[in-house]
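The chain contents come next:
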Amino acid sequence: MAGMARTNGASVVIVGGGVTGLSAGWWLARVGVDVLVLEKGIVGWEASGRNGGGATHVYSPFGLEEQRLWPQMDELLGYPTEYQSCRIGIALSETQLALARRWAEIGETRGFRWELLDRRQLKELVPIVGDNAIGGTYLHFGGHANPQRTVQGYAWALQDHGGRILQHTTVTGLTQRGGRITAVETTRGAFGADVVVIAAGPQTGAFADMLGAWLPLAPARVEMVATEPIPLMRVGGVAGNGLYGRQTLRGNLVYGGGPHEWINVPDMTTPDHANTPLVRSLARRLAELLPGAAHVRLIRSWSGLVENTPDGLPVVERLAQPDNVVIATMSSVGFGLSPAVGRAISELVRHGRCQFADLGALALGRFADTPRDWRERAGWAAASPAIEAAAGGDD
Amino acid sequence: MRGPDPRSIVGKVPPPERHVPLIVVGAGPAGVAAAIEAARAGVEVMLVDEHPVDNDMMAMDVPLCFGQRMDGSVRNRALMLERVVETNPDLAAAHDAGVDVQLGTYVWGAFVNGPAVQELPVSMLGLADDRRSWLVGYDRLIVAAGARDVLLGFPGWERAGTLGAGGATALLTRYRALAARRVVVLGSGALALHTAELALEHGVEVAGIVEVDGRLRGDAALAKTLADRGVPFLLSHTIQSARGRTGEIESVVLVSVNRDGSPVAGSEREIACDAVCWAVGLVPNVELLHLVGARLRFVSQLGGWVPEVDARLRTSVATVFAAGDCVGFHESRLAAPDIARAEGRAAGRAAAESLGAARGPEAETRRRVAAASAADEPHGYWRSWLDSLIAAGGWEVNVCQCEEVTRRELVETKPPRYLAWRSSQMSARSLETLLRDGPLNQDQIKRLTRAGMGPCQSRRCREQVGLLLARAADTSLDRIPLPTFRPPIRPLPLNVLWPADEPAAMREEWVSWFGIPTQFSPHWTAGMAIDEPTAHTRLIMSDE
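Quick caveat, the model's predicted, so the values are computed rather than measured.

Structural notes on the nonpolar core
By size, the foremost hydrophobic cluster in this structure holds 105 residues, and its most contacted members are Phe-62 of chain A together with Val-252 of chain B. For this core, the element with the highest residue contribution is helix H1 (residues 19–30) of chain A, accounting for 7 residues. Once residues lying within four places of it in the same chain are set aside, the contact partners of Phe-62 of chain A are Val-316, Met-330, Leu-337, Ala-340, Val-341, Ala-344, Phe-356, Leu-359 and Leu-362 of chain A. Grouped together as the second largest cluster of nonpolar side chains are 90 residues, Phe-66, Tyr-106, Phe-111 and Ala-147 of chain B included.

So, in structure tokens, the structure goes:
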């Protein structure tokens, strides 16, 4: 890095203050790189700060690094992430048990330890489990953290290392000259850059488009619910029955799952968060999972926008052309992997390649033959305007 | 081309249990008048009201601040239903006009299509009683949800006995179940005097009317009547603390204040009482209006965030109307309940006409906003109360009771105590450093401190959190974005929300996350094709 500190720019400009961009910025700032994060709203405000908080993705190329880093994150950041280790999977049916075992065995393949639990053992660990449970898994790996606190921790730690964040700043264009991006244009002026990282969530595809790269992304809305606090369980990382989530350190049960809605995000704005009657189905699933908590009150719900690639896998790549751009989308699974992917991005920025993982499978090129109408072909298109019009005409 | 993604929400939203052309939410004067007016114009109307709410809900200060001062009779639901009907004669008139009146029914959600939701068959409300929840579709909605209490903290306000004027009034009148004998009223405006008068009428002693201001804010004649009946008025006073040996309020300590709100040393006096009633104002209930996407704006004179409505009380959402105190509360409205009724009639008429009813005589629909002056802005008044409370009671007072966040922890944006987190980096962070990065946002600070994240759904602290933050940031509430409301807007048990009407597809196609066959494949075995799930990947993704 030349470290060309400009008053109106930075050595590395990161488009998007979500968990991926913030982690990348923090890793860069840690080693003294002059970094500027541009965020259209508030840092971590979208799905980065509102998700299940799970940190158990050992199947991923970033998985081992995820497992290595999370136990150190509080100390590395200097801010609380509420990280807790271990996960318990509850099965209410043989199929659910097979699924839980499959997850555990994937971990085992990577050298992690787990135990199969019978109902009695499960109830000892999670007293609010019911007689409908047939057993479960106890993973002595993985874990979960508080997304809101973690994203803020990344942002603050990045600043502590001299990095800068501009909130309420929407990126409107990318200036290219001589086969490189030279500046990022925003609603608050242009910012010069040596390297640009694009980690803009659902909008990442639109930026790729500006660079002539084809990044197929389908935005979707997903929903979660939160209950009032209940006494802390020995292990808060309890999930199953088609739900992901956790008990927070405050005691709230926070869970999501179930059907998503494919939508369109037409421009750089984010539509209002809205929930659907799915919150009732989430309540039901949670009451089935933890019958001892069926009387507990639901006090909140929220929805978030995430984006998926056609194969559901991330794109993390330093482009060949223009060659000073890193594009990153985690394809809807970004929070838990953020410590690792941020580090990977920082290495792509600094060294041109990731030194701890093979990112070959996550390259953009795999979509070269994906047709432009892939969403329609896959059944992932947003509802037609006709449906919207028929639905009541609220303006 | 494939059909829609089977794991998406397409086809999984249950159809509403019922569909009614017009739902009116809230059976106060405005709501009942709206329902009757629309029914008389030939529209099928459902009128929903949550009262009588059950004891557990009341214990959480939902929807009003009841301060644990309900007597045992509120557990008798049949009796409470009788009382609610008996004390609101308009309900009988609504019933006679053919309105379907649903009492004891919570409205906990509103679901409408918009930019991020397009799969709802119709606009719907989520309703619930003590046992179950259900959905009702509507063509038109009139929100007449009234206004809620404003509370400010003082040392000891967590004790049983801290009420709001709305909660006290409901317990005195609708429920006839107030378990308090001797109350201190905070505030001296119309709401406070009216509440004091009501208390006396129901045999509750008023141990004092306390006003931080140097002047009486309400009607002098009414104040004189109250004084003649032995009610002490304490102007230029604030409450320093509430005391009691158990978790109950047994007395309060009042202190006189200087013009700047600071306490006068040695002026403390202890007054025996079993209840303290905040009666300094009410805030419009705009939760539902927010959920349907109606545009809101901040008007201090109207109590804060209120919907933008046209002359016929239509909101920015063409199918949604609003009437009564939720369109804006001002103390002058207490003296003239007919204003709310006139608004209700106007909204009912407008909603009926928008559904095709014949055009009726033009109703007088212009809302009467009381003579505007800065002195009428409740937020400035609340701010002087807050200043005096801080001066008298300090910073180590919970602002959020549910999450036990003190004023100091809030304005210093400290992580919650249960994390027991310390680091030099964290110590260097404050509201001031946060404000360098962007304008004040109450939701952001809520996430960091947890103030407002408890089971009362911030009913006890929303205003004081906003006021404290605005004070600390040297800004005003109108410059802070509206903190959001999320469904359920009533805290309901999981087994009540449990949908009995869930479509089979919801269960059959349920996946925890998208159901993309390759998404969670171990990278060392991954295939990359967009393809139907194989049996193997299906096992990874689906639990059914």
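A closer look at the environment of Asn-275 of chain A
Relative to the helices and strands, Asn-275 of chain A resides in the loop between strand E14 (261–262) and helix H8 (278–289). Beyond its immediate chain neighbours, meaning those up to four positions away, Asn-275 of chain A contacts Glu-223, Met-224, Ser-301, Trp-302 and Ser-303 of chain A together with Phe-111, Arg-486 and Pro-487 of chain B. Side-chain polar atoms of Asn-275 of chain A contact the side chain of Ser-301 of chain A, separated by 3.3 Å. At 3.2 Å, the side chain of Asn-275 of chain A forms a polar contact with the backbone oxygen of Trp-302 of chain A.

A look at the sheet that holds strand E13 (residues 251–256) of chain B
Residues and elements named next belong to chain B. Reading across the sheet, the 3 strands line up as E12-E13-E14 and stay open at both edges, with antiparallel pairing between neighbours. Two strands bound the open sheet, and with one partner strand each, they are strand E12 (237–243) and strand E14 (269–272). Averaged over all adjacent pairs, the angle separating strand axes in this sheet is 30 degrees, with direction ignored. Summarising the sheet, E12 and E13 pair through 6 bridges and their orientation is antiparallel.

Structural notes on empty space enclosed by the protein
All names here are of chain B. Under the criterion given, the structure shown has 10 cavities of 30 Å³ or more. If you trace the second largest cavity, you find 20 residues lining it, with Phe-298, Trp-305, Arg-462, Glu-463 and Pro-483 closest to the centre. Breaking the lining of the second largest cavity down by element, the ones donating at least two residues are strand E16 (282–284), strand E18 (304–307), helix H10 (378–393) and helix H15 (462–473). The greatest single-element share of the lining of the second largest cavity, amounting to 3 residues, is contributed by H15. Grouping the constituent residues of the lining of the second largest cavity by class yields 12 nonpolar, 5 polar and 3 charged.

Brief notes about the environment of Glu-39 of chain A
Residue and element names in this part refer to chain A. Tracing the backbone through its elements, the reader meets Glu-39 in the loop between strand E2 (35–38) and helix H2 (63–69). On the basis of relative accessible area, Glu-39 is assigned to the buried category, the value being 9%. Sequence separation of Glu-39 and Ile-90 is 51 residues, and the distance between their C-alpha atoms is 38 Å.

Looking at the packing of helix H6 (residues 147–160) of chain A against helix H14 (residues 442–449) of chain B
Put simply, H6 of chain A and H14 of chain B touch, their axes get as near as 9 Å, and they point 100 degrees apart. Looking at the two axes, H6 of chain A sits roughly perpendicular to H14 of chain B. Of the residues in H14 of chain B, those in contact with Gln-148, Arg-149, Gln-152 and Trp-156 of chain A of H6 of chain A are Gln-444, Arg-447 and Leu-448 of chain B.

Considering the interface of chain B and chain A
Facing the 100 residues of chain B at the interface are 109 residues of chain A. Together, the buried faces of chain B and chain A total about 9,300 Å²; carbon and sulfur atoms form 59% of this surface. Its largest share of buried area at the contact with chain A, chain B owes to Arg-447, Leu-494 and Trp-510 of chain B, together 9% of the area lost on that side. Counting across the chain B and chain A interface gives 5 salt bridges. With a closest N to O distance of 3.0 Å, Arg-284 of chain A and Glu-502 of chain B form a salt bridge. Counting across the interface, chain B meets chain A through 46 residue pairs in polar contact (both at pLDDT 80 or more). Its residues placed into classes, the side of chain B that touches chain A shows 57 nonpolar, 24 polar and 19 charged.

Here's the deal with the pattern of salt bridges
Residues and elements named next belong to chain B. Summed over the entire model, instances satisfying the criterion amount to 56 salt bridges over all chains. In this structure, the salt-bridge partner of Asp-130 is Arg-77, at a minimum N-O distance of 3.0 Å. Here Arg-77 lies in helix H3 (residues 77–86) and Asp-130 lies in the loop between strand E5 (124–128) and strand E6 (133–143), a separation of 53 residues in the sequence. For Arg-77, a relative accessible area of 25% corresponds to the partly exposed category. Its salt-bridge partner being Arg-459, residue Glu-287 comes within 3.8 Å of it at the nearest N-O pair. Here Arg-459 lies in the loop between H14 and H15 and Glu-287 lies in helix H8 (residues 287–291), a separation of 172 residues in the sequence. Accessibility classification places Glu-287 together with Arg-459 in one group, the buried group. Overlapping salt bridges bring together Glu-37, Arg-312, Arg-349, Glu-353 and Arg-359 as one network.

Things to note about the pairing of strand E10 (residues 218–229) of chain A
Residue and element names in this part refer to chain A. The buried fraction of E10 is high, at 11 of 12 residues. Pairing analysis gives 10 bridges linking E10 to strand E15 (residues 297–308), with the strands arranged antiparallel. Its bridge partner being in E15, Ala-220 is matched across the sheet by Val-306. The sheet contact formed by E10 and E14 spans 2 bridges and is antiparallel. Considered in E14, the bridge of Ala-220 is made with Trp-262. Looking at chain direction, E10 and strand E13 (residues 252–256) are connected through 4 bridges and run antiparallel. Opposite Val-225, over in E13, you have Tyr-255 as the bridge partner.

Some points on the packing of H1 of chain A against H6 of chain A
Between two packed helices, the angle of one axis relative to the other and the distance separating the axes together describe the packing. All names here are of chain A. Put simply, H1 and H6 touch, their axes get as near as 8 Å, and they point 30 degrees apart. Comparing their axes, H6 and H1 come out roughly parallel. Between H1 and H6 lies a crossing whose hand is left-handed. Between H1 and H6, the residues in contact are Val-19, Leu-22, Ser-23, Gly-25, Trp-26 and Ala-29 and Val-151, Tyr-154, Ala-155, Ala-157 and Leu-158, respectively. Looking at the contact of H1 with H6 residue by residue, the classes come out as 9 nonpolar, 2 polar and no charged.

Criteria and thresholds
Residues numbered from 1 in each chain as written. Chains lettered and ligands numbered in written order. Predicted model: local features only at pLDDT ≥ 70, side-chain atom pairs only at ≥ 80, totals over all residues. Heavy atoms only, no water. Core = buried A, V, L, I, M, F, W, Y, C linked by side-chain atoms within 4.5 Å. Buried < 20%, exposed > 50% of the residue type's maximum accessible area, 1.4 Å probe, protein only. Helix = DSSP H or I, 4+ residues; strand = E, 2+ residues; numbered from the N terminus. Contact = heavy atoms within 4.5 Å. Polar contact = N/O pair within 3.5 Å; in protein donor to acceptor, adjacent residues only side chain to side chain. Pairing = 2+ DSSP bridges. Axes fitted to C-alpha atoms, helices over the stretch in contact; angles between N-to-C directions. 1 Å grid on protein atoms, 1.4 Å probe; cavity = no way out; pocket = protein on both sides within 12 Å on 5 of 7 lines; lining within 4 Å. Points joined across faces, edges and corners; volume = space filled by probe spheres on them. Nonpolar A, V, L, I, M, F, W, Y, C, P; charged D, E, K, R; others polar. Parallel < 35°, antiparallel > 145°, perpendicular 65-115°, else oblique. Buried area = accessible area lost by both parts, 1.4 Å probe. Salt bridge = Lys/Arg side-chain N within 4 Å of Asp/Glu carboxyl O. Left-handed = near helix turned anticlockwise from the far one by under 90°.

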